[in-house]
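# Fold and contact review
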Amino acid sequence: MNKKLKIDGIFAEALPVLNQIVEAGFEAYFVGGSVRDRLLNLEVNDVDIATSAQPHEIKEIFTRTVDVGIEHGTVMVLVEGVSYEITTFRTESTYKDFRRPDSVTFVRSLEEDLKRRDFTMNAIAMDAEGYIIDPFAGIKDLNAGIIRAVGNPHERFREDALRMMRAVRFSAQLDFEIEAETQVSIKENAPLLEKIAVERIQVEFEKLLTGTWHANGLAAMIQTRLYLYCPELANKKAALVSLIQDENKFEHVRQAWAFLLYKIDEYDPTDSFNARKFLKAWKLSNKLMDQAVMIFNALKQRVTNKILDEWEVFCLGKEFALETESLVQHLEEPPAFDKVVNIYEHLPIKEKDALALTGYDLMNATATKPGRWMSEAMEAALQAVVYAEIQNDKEEILTWLIEKNLIPGLNDE
Ligand code: ATP
Ligand code: MG
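Fair warning: this is a prediction, and the values are worked out from it, not measured in the lab.

Before going further, it helps to spend a moment on the overall build of the protein. Counting its secondary structure elements, the protein contains 19 helices and 11 strands. Radius of gyration (C-alpha) of the protein: 28 Å, far over the 22 Å computed for a compact globule of 413 residues. Seen through its principal axes, the protein has C-alpha atoms that stretch 95 × 50 × 40 Å. For the protein, buried positions account for 49% of its 413 residues. Partitioning the intrachain contacts of the protein with sequence separation of at least 6 by distance along the chain shows that 64% fall at a separation of at least 24. Accessible surface for the protein amounts to roughly 20300 Å². Of this, 47% is attributable to carbon and sulfur atoms. When the 48 positive and 68 negative side-chain charges of the protein are each reduced to one mean point, those points stand 5 Å apart.

What follows is the structure, given as structure tokens:
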């Protein structure tokens, strides 16, 4: 007798979708991460649905559909304002270059579909009544906290090398062990990671870094030598090892990157570590890169000076200043959140735009052509106001800039 679960929460909401497919004469199941997380009593945010119906058949059943990945068998359907991804049972028969295939073959049996999935814990299905279909003993592995490849691990990793990164990131998210044979196989096939697009490795690595047990994931990356084939990590073992000691969780991915940068910088024997170049190799978005580098630089200041000062808090803004402060916990120091909030609350101005002096005012003060001097003068004025050396008053700022010789072309007067 199969295990039976109560269909509740998000599964209950999605049940009409499953039923509609079943009423049309096809099979439909909840699968993948949603079933795994439900079995682990973790929060489930979206459900994956697998079906024997082909994409064109799904499109006949539902009135509102979007072709999101029809070549891979995925159709999005909209039911009562909620979107669901429905994927036709498929196998991935042709793998080129150790990457996931560009074409798939649709099959009519659930079991064949579950067989192409990466780990036993991800190859469990649940039907509309809550009955569990678990042909690869995924529940047993879930209960034991084991990440085990479905079938022959060697073949599975050679089909799609990204699965190796998925294994280590699940160990970081779930506090699971990678089963011995699966682990050996990752070690053997680790070089194949180089065939995988950096963007896909990045997704998994970020999930690893922000996982509650990132130390586990990093330890597994070192043990399996996967880190050697990740962008710019091959000669960063010491920094990664030092991160394994860290038991605090990162709340935001930008903090995780910032802290990794900090550790790499700390352990860099050449002292010429280029944070931006490192993150570029990982293909971070410009926005995330800017944020991570900003927090990294601020953390260095914070550690050196034991406190973030007014200017640093001003540049970071309250949110990022607190995120920087929170990183000192990872260095086994108590964070001083109150101090940061206090500094922020007492800043004379909170934004650049609030400065009482504009570029126009500067241009009107001298006949000198606009140029670099202007941004330098503005920055100096901003700092003086933020440090409360002068009031945020146009005349006072101008007088101060003149005194400091920061406006060229005035000396002869
Ligand atoms: P998350 O909770 O991070 O979403 P997930 O396991 O749900 O984890 P998804 O990328 O959403 O990951 O994939 C959904 C399901 O598709 C997985 O549970 C697994 O069954 C299957 N899957 C995803 N990626 C692969 C892969 N590279 N190889 C084999 N099966 C995969
Ligand atoms: Mg998922």
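The rest of the description comes next.
This brings us to the packing of aromatic side chains. Aromatic ring pairs are defined here through the distance separating the ring centres and the angle between the ring planes. Inspection of the entire model under this criterion finds 12 aromatic pairs. With 6.1 Å between their ring centres and 20° between their planes, F259 and Y262 make a pair best called stacked. On the criterion of helical spacing, the pair formed by F259 and Y262 is a turn pair, its members being 3 residues apart in helix α12 (residues 253-266). Residues F259 and Y262 agree in their burial class; the two are buried. The interplanar angle of 65° and the centroid separation of 5.9 Å between the aromatic rings of F273 and F278 together place this pair among those described as edge-to-face. Relative accessible area serves as the criterion here: at 1%, F278 is assigned to the buried category.

Taken together, 14 residues surround ligand 1, and among them R36, N122, R163, R169 and K207 come closest. In isolation ligand 1 exposes 590 Å². Once the protein is present, 74% of that is buried. Here the shell around ligand 1 takes 4 residues from helix α7 (residues 162-174), the largest share from any one element. Each residue belonging to the shell around ligand 1 can be placed in one class, and the counts come to 1 nonpolar, 3 polar and 10 charged.

This next bit is on the packing of helix α9 (residues 198-209) against α12. Packing of α9 against α12 leaves a shortest axis separation of 9 Å and a crossing angle of 90°. Classified by the angle between their axes, α9 and α12 sit roughly perpendicular to one another. Listed contacts from α12 to Q202, F205, E206 and L209 of α9 are V253, A256, W257 and L260.

Attention now goes to the sheet that holds strand β9 (residues 132-133). Read from one edge to the other, the open sheet built from 7 strands follows the order β3-β4-β5-β2-β1-β8-β9, with strand pairing classed as mixed. For this open sheet the edge positions go to β3 (65-69) and β9, each flanked by a neighbour on one side alone. Where strand β8 (residues 125-126) and β9 come together, 2 bridges link them in antiparallel fashion. Paired with M126 across the bridge in β9 is I132. Against the sheet, helix α1 (residues 9-23) engages β1 (28-31), β2 (48-51), β4 (74-79), β5 (82-88) and β8, with an angle of about 145° to β1. In the packing of helix α2 (residues 32-39) onto the sheet, contacts are made with β1, β2, β8 and β9, and the angle to β1 comes to roughly 60°.

This part is about helix α15 (residues 310-327). Between its terminal C-alpha atoms α15 stretches only 18 Å, short of the 26 Å expected from 18 residues at 1.5 Å a residue. The buried fraction of α15 is high, at 13 of 18 residues. Capping of α15 at its N-terminal end is provided by D309; its side-chain oxygen lies 3.1 Å from the backbone amide nitrogen of W311.

This paragraph deals with the pattern of salt bridges. Scanning the entire structure with this criterion turns up 22 salt bridges. The partner of D113 in a salt bridge is R117, with the nearest N and O atoms 2.9 Å apart. For R117, a relative accessible area of 13% puts it in the buried group. Residue R156 is joined to E159 by a salt bridge in which the shortest nitrogen-to-oxygen separation is 2.9 Å.

Parameters and conventions
Residues numbered from 1 in each chain as written. Chains lettered and ligands numbered in written order. Predicted model: local features only at pLDDT ≥ 70, side-chain atom pairs only at ≥ 80, totals over all residues. Heavy atoms only, no water. Helix = DSSP H or I, 4+ residues; strand = E, 2+ residues; numbered from the N terminus. Rg over C-alpha atoms; globule rule 2.2 N^0.38 Å. Buried < 20%, exposed > 50% of the residue type's maximum accessible area, 1.4 Å probe, protein only. Contact = heavy atoms within 4.5 Å. Areas by Shrake-Rupley, 256 points an atom, 1.4 Å probe, with all protein chains shown as cover. Lys, Arg positive; Asp, Glu negative; His and termini not counted. Charge placed at Lys NZ, Arg CZ, Asp CG, Glu CD. Phe/Tyr/Trp six-rings, centres within 6.5 Å; stacked < 30°, edge-to-face > 60°. Near = heavy atom within 4 Å. Nonpolar A, V, L, I, M, F, W, Y, C, P; charged D, E, K, R; others polar. Axes fitted to C-alpha atoms, helices over the stretch in contact; angles between N-to-C directions. Parallel < 35°, antiparallel > 145°, perpendicular 65-115°, else oblique. Pairing = 2+ DSSP bridges. Expected span 1.5 Å × (residues − 1). Polar contact = N/O pair within 3.5 Å; in protein donor to acceptor, adjacent residues only side chain to side chain. Salt bridge = Lys/Arg side-chain N within 4 Å of Asp/Glu carboxyl O.

The values are spatial; any link to function lies outside them.
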